[in-house]
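Coordinate analysis (summary)
Now for the letters of each chain:
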Amino acid sequence: MTEREQRWALITGASAGIGEECANVFAQNGFNVVLVARREDRLRKHANWLESKYGVETHVIQADLEKADACHAVFDETERMGLEISALVNNAGYGVPGHFSASEWAHHEASIELMVTAVCRLTYLYLAKMKEHHYGRIINVASLAALVPGSAGHTLYGAQKAFLVKFSQSLWAENYGSGVHVSALCPGFTYSEFHDVIGVREQMSELPKFMWMDAKTVAEQGFQAVMDNKPVYVNGRWNKFVAWMARHLPPSLIEAIIRRQSAKVRRQEV
Amino acid sequence: MNTDQARERWALVTGASAGIGTAFARDLAARGFNVVLVARRAERLNQLGAELEDQHGIKTLVAAVDLSQGGARERLFKATEAQNIQIEMLVNNAGFGIDKGYTEQELDDQAAMLQVLVTTVAQTCRLYLPGMVARGHGRIINVASMAGVMPTIIGQSLYGACKSFVIKLSENLHLEYGDKGINVTAVCPGLTRTEFFGPANMEDDVKDVGDFAWSEPEEIAALGIEAVTAGEPLALPKGFYRTYARIVGLLPRWVQYWMVRKFNKTASGTNPH
Ligand SMILES: NC(=O)c1ccc[n+]([C@@H]2O[C@H](COP(=O)([O-])OP(=O)(O)OC[C@H]3O[C@@H](n4cnc5c(N)ncnc54)[C@H](OP(=O)(O)O)[C@@H]3O)[C@@H](O)[C@H]2O)c1
Ligand SMILES: NC(=O)c1ccc[n+]([C@@H]2O[C@H](COP(=O)([O-])OP(=O)(O)OC[C@H]3O[C@@H](n4cnc5c(N)ncnc54)[C@H](OP(=O)(O)O)[C@@H]3O)[C@@H](O)[C@H]2O)c1
């Protein structure tokens, strides 16, 4: 067995969308995979498929990462099983639709626990070992929303993703040359269950096709980006263009665009 | 008396027991605001409260809470609601730093940092926004940092990310609620002469930095209040930092990254942590 074959990648939110595709890409590249999410049946099915398709080992951990002790439980389990996690994909996430002040705080807080706190904690727990082994790959799935002004419904989400971009950039620099790579992945609109989960599928399907990417491509590019040690990777030409515009257009123009976008696409609530 | 009460203006300042927060409280009191003073150290808050009432004839309310604890923000909100205090100006300022590399820090300190710098900021906005929206008027100042704007160095991986969160949240809230009479500003201090560096174990790191890079807390408070009044979502200190941000912002990303890596190398060479 080569060393490469013993490497494990742990992917959160591996039961659907981008996370599921990340698991495929890592397996395809010879990593064994630990799949983490709440829907265990889905994870098991996918794990079996990965084993037969790529001949890798898999392990499934059912976890709700919004819960306070979940990260430690996941870490303890991989430790107990003796799995050396060489790659970590912090992908689990969702948006809370509607106006910021329209949603219950509990809902917002849960999303912070999942997309900020759990990411920090899992990174903390696994990064120390990666540094010891002089090999590590960490992908934090952020979003284009981190790089552009947010429309309504993206207010907290954009801030959470901006956190992840900055967190990744800093850890990238902190670990440069240590064998540990850290990348923030910034997809734009991606076909997954994301927009079903937040119930805006219909509005979203009005957006033109060229704005959309498929989760497989997003995951493949993410894999390549972290292997190449890119601190921030924006998926696709259209999204790169949007990110570029957000950096260079006058703020007043961007504001006007965003306000229009908010009114058009988002459900209007009080 | 009754008409006075109707015109009562209240501000709430977190981290009012020291540094930039105290400066905010003083500035707002001088402008005629009543102030809710929030931090852990009650004695200091009581002292400041008495001083401000004396000097400016305003009212104060002291709320001694530890914002790193779950439930603290709700308790704070209940306390102001119970007194029928309508917050017109919210200043999220409480914060602290941690030194060392990311994996050398304590997980508990990191958890507290996320609570104070991320969760508290978002939640106090969530708690006080509906009232502001209903009244059609509100001002929110979130104290971020240049660390949220510029590439960060070792020891700031979590802190810088938290401050980026604050900046983005402020910008997005400004966009979402600007047309409802709510102005939101992230003010980004650079090095500021406060008590920040003792607890963060950073006194040695900053002691040789020249005067040009330092602000007084009073300047930061004035900067924040002026920017939020003018409806600017982002405020950087004039002079060195504004120029620095502009220049670095013009550089390609790879140059920025190269600079940070260089800096980290020297930092980890000369630095005990
Ligand atoms: N789709 C887009 O347009 C888009 C754009 C930019 C960024 N992103 C980001 O990409 C990431 C993946 O999203 P996606 O588009 O693939 O969405 P998705 O198809 O809805 O998948 C989300 C995944 O996260 C998991 N998850 C949600 N809550 C969880 C919890 N509490 N604990 C553990 N796992 C949880 C879900 O699994 P269970 O429900 O089984 O737990 C699911 O596997 C997210 O971080 C999202 O913000 C998506
Ligand atoms: N000084 C700088 O160079 C600088 C630069 C950029 C940004 N900042 C930011 O400016 C803000 C104010 O910092 P400062 O420089 O004025 O520092 P400081 O003098 O140390 O004051 C920090 C304040 O935050 C309060 N605080 C800390 N933890 C708290 C908790 N768990 N619950 C409630 N209150 C808490 C402290 O009060 P108690 O200890 O009494 O609770 C104190 O009033 C922070 O957000 C900081 O990140 C400072």
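The structure this text deals with has already been given above.
All figures in this text were calculated on a predicted structure; none of them were measured in a lab.

1. Digging into the environment of Y54 of chain A
Residues and elements named next belong to chain A.
- Tracing the backbone through its elements, the reader meets Y54 in helix α2 (residues 40-54).
- Remark: the alpha-carbon pair of Y54 and L207, spanning 153 residues in sequence, is separated by 36 Å.
- With residues up to four places along the chain from it excluded, the contact list for Y54 reads N24, A27, Q28 and W49.

2. A look at the sheet that holds strand β7 (residues 234-235) of chain B
All names here are of chain B.
- With respect to topology, seven strands assemble into an open sheet ordered β3-β2-β1-β4-β5-β6-β7, the strand pairing being parallel. Two strands bound the open sheet, and with one partner strand each, they are β3 (60-64) and β7.
- Two strands pair when backbone bridges link them, and strand β1 (residues 10-14) and strand β4 (residues 87-92) are joined in this way by four bridges, in the parallel orientation. Across the sheet, the residue bridging to W10 is I87, located in β4.
- In the packing of helix α5 (residues 107-135) onto the sheet, contacts are made with β1, β4, β5 (138-143) and β6 (182-187), and the angle to β4 comes to roughly 165°.

3. Some words on the packing of helix α4 (residues 105-133) of chain A against helix α5 (residues 155-174) of chain A
Residue and element names in this part refer to chain A.
- The geometry of α4 relative to α5 is characterised by a closest axis approach of 10 Å and an angle of 10° between their N-to-C directions. Here α5 runs roughly parallel to α4, going by the angle between their axes. Of the residues in α5, those in contact with H108, S111, I112, M115, V116, V119, C120, T123 and L127 of α4 are L156, Y157, Q160, K161, F163, L164, F167 and L171.
- The residue inventory of the contact of α4 with α5, partitioned by class, reads twelve nonpolar, four polar and one charged.

4. A look at the site of ligand 1
All names here are of chain A.
- Around ligand 1, 32 residues are found, and the nearest of them are R38, R39, N91, Y157 and S192.
- Within the backbone of G13, a nitrogen or oxygen atom sits 2.9 Å from an oxygen atom of ligand 1.
- In the model, an oxygen atom of ligand 1 is placed 3.3 Å from a nitrogen or oxygen of the F194 main chain.
- Relative to its unbound accessible surface of 880 Å², ligand 1 loses 97% to contact with the protein.
- Elements with a minimum of two residues in the shell around ligand 1: α1 (17-28), α5 and α6 (194-197).
- Counting residues per element, the shell around ligand 1 draws most heavily on α6, at three residues.
- Among the residues forming the shell around ligand 1, the class breakdown is 16 nonpolar, ten polar and six charged.

5. Regarding the environment of H133 of chain A
- Tracing the sequence through the fold places H133 of chain A in helix α4.
- In the structure, H133 of chain A is positioned 112 residues away from M245 of chain A in sequence and 40 Å away in space, judged by C-alpha atoms.

6. Re the site of ligand 2
Residue and element names in this part refer to chain B.
- Neighbouring ligand 2 are 30 residues, the closest being S17, R40, N93, Y159 and T194.
- At 2.7 Å from an oxygen atom of ligand 2 is found a side-chain nitrogen or oxygen belonging to R40.
- One of the backbone nitrogen or oxygen atoms of G95 is found 3.4 Å away from an oxygen atom of ligand 2.
- Relative to its unbound accessible area of 880 Å², ligand 2 is 95% covered by the protein chains.
- At the level of elements, α2 (19-30) and α6 (157-177) are the ones that each hand at least two residues to the shell around ligand 2.
- Considering only residue class, the shell around ligand 2 consists of 15 nonpolar, ten polar and five charged.

7. Focus on a nonpolar patch on the surface
All names here are of chain B.
- On the surface, a nonpolar cluster with roughly 680 Å² of combined accessible area is contributed by F212, F240, Y244, W254, W258 and M259.
- At the level of secondary structure, the elements contributing two or more residues to the nonpolar patch comprise α9 (240-250) and α10 (253-270).
- Considering every element that reaches the nonpolar patch, the biggest residue donor is α10, with three residues.
- Structurally, M259 is set in helix α10.
- Looking at M259, the relative accessible area reads 31%, which means it is partly exposed.

8. A look at α1 of chain A
All names here are of chain A.
- Along its twelve residues, α1 runs 17 Å from first to last C-alpha, staying within 8% of the 16 Å computed at 1.5 Å per residue.
- Across the twelve residues of α1, ten count as buried, placing the element largely inside the fold.
- Among the residues of α1, G17, I18, G19, E21, C22, A23, N24, V25, F26 and A27 are the ones counted as buried.

9. What to know about the packing of aromatic side chains
Residue and element names in this part refer to chain A.
- For the structure shown, the criterion picks out 21 aromatic pairs over all chains.
- Residues W238 and F241 carry aromatic rings whose centres are separated by 5.9 Å and whose planes lie at 45° to one another, so their mutual orientation is tilted. With W238 and F241 both in helix α9 (residues 237-248) and three residues apart, the pair spans about one turn of that helix.
- You can call W238 partly exposed: its relative accessible area is 28%.
- With a relative accessible area of 40%, F241 lands in the partly exposed category.
- Lying over the aromatic face of Y135, R7 brings its terminal NZ or CZ to 3.4 Å of the ring centre.

10. Some details on the pattern of salt bridges
- Inspection of every chain in the model, using the stated rule, returns 19 salt bridges over all chains.
- A salt bridge links K59 of chain B to E8 of chain B, with the nearest nitrogen and oxygen atoms 2.5 Å apart. Residue K59 of chain B is found in the loop between α3 (42-56) and β3, and its partner E8 of chain B is found in the loop between α1 (2-6) and β1; the two are separated by 51 residues along the sequence.
- With a relative accessible area of 36%, K59 of chain B lands in the partly exposed category.
- Residue E8 of chain B is classed as partly exposed on the basis of its relative accessible area of 26%.
- Of the charged contacts, one joins R193 of chain B and D211 of chain B as a salt bridge, the two residues approaching to 2.9 Å between their closest N and O atoms. Of this pair, R193 of chain B sits in the loop between β6 and α7 (203-206) while D211 of chain B sits in the loop between α7 and α8 (217-230), and the two are 18 residues apart along the sequence.
- You can call D211 of chain B exposed: its relative accessible area is 60%.
- Connected through shared salt-bridge partners, R39, R42 and E193 of chain A make up one network.

Definitions and cut-offs
Residues numbered from 1 in each chain as written. Chains lettered and ligands numbered in written order. Predicted model: local features only at pLDDT ≥ 70, side-chain atom pairs only at ≥ 80, totals over all residues. Heavy atoms only, no water. Helix = DSSP H or I, 4+ residues; strand = E, 2+ residues; numbered from the N terminus. Contact = heavy atoms within 4.5 Å. Pairing = 2+ DSSP bridges. Axes fitted to C-alpha atoms, helices over the stretch in contact; angles between N-to-C directions. Parallel < 35°, antiparallel > 145°, perpendicular 65-115°, else oblique. Nonpolar A, V, L, I, M, F, W, Y, C, P; charged D, E, K, R; others polar. Near = heavy atom within 4 Å. Polar contact = N/O pair within 3.5 Å; in protein donor to acceptor, adjacent residues only side chain to side chain. Areas by Shrake-Rupley, 256 points an atom, 1.4 Å probe, with all protein chains shown as cover. Patch = residues over 30% accessible without salt bridge, like charges linked within 9 Å, V, L, I, M, F, W, Y side chains within 5 Å. Salt bridge = Lys/Arg side-chain N within 4 Å of Asp/Glu carboxyl O. Buried < 20%, exposed > 50% of the residue type's maximum accessible area, 1.4 Å probe, protein only. Expected span 1.5 Å × (residues − 1). Phe/Tyr/Trp six-rings, centres within 6.5 Å; stacked < 30°, edge-to-face > 60°. Lys NZ or Arg CZ within 6 Å of the ring centre and 35° of its normal.

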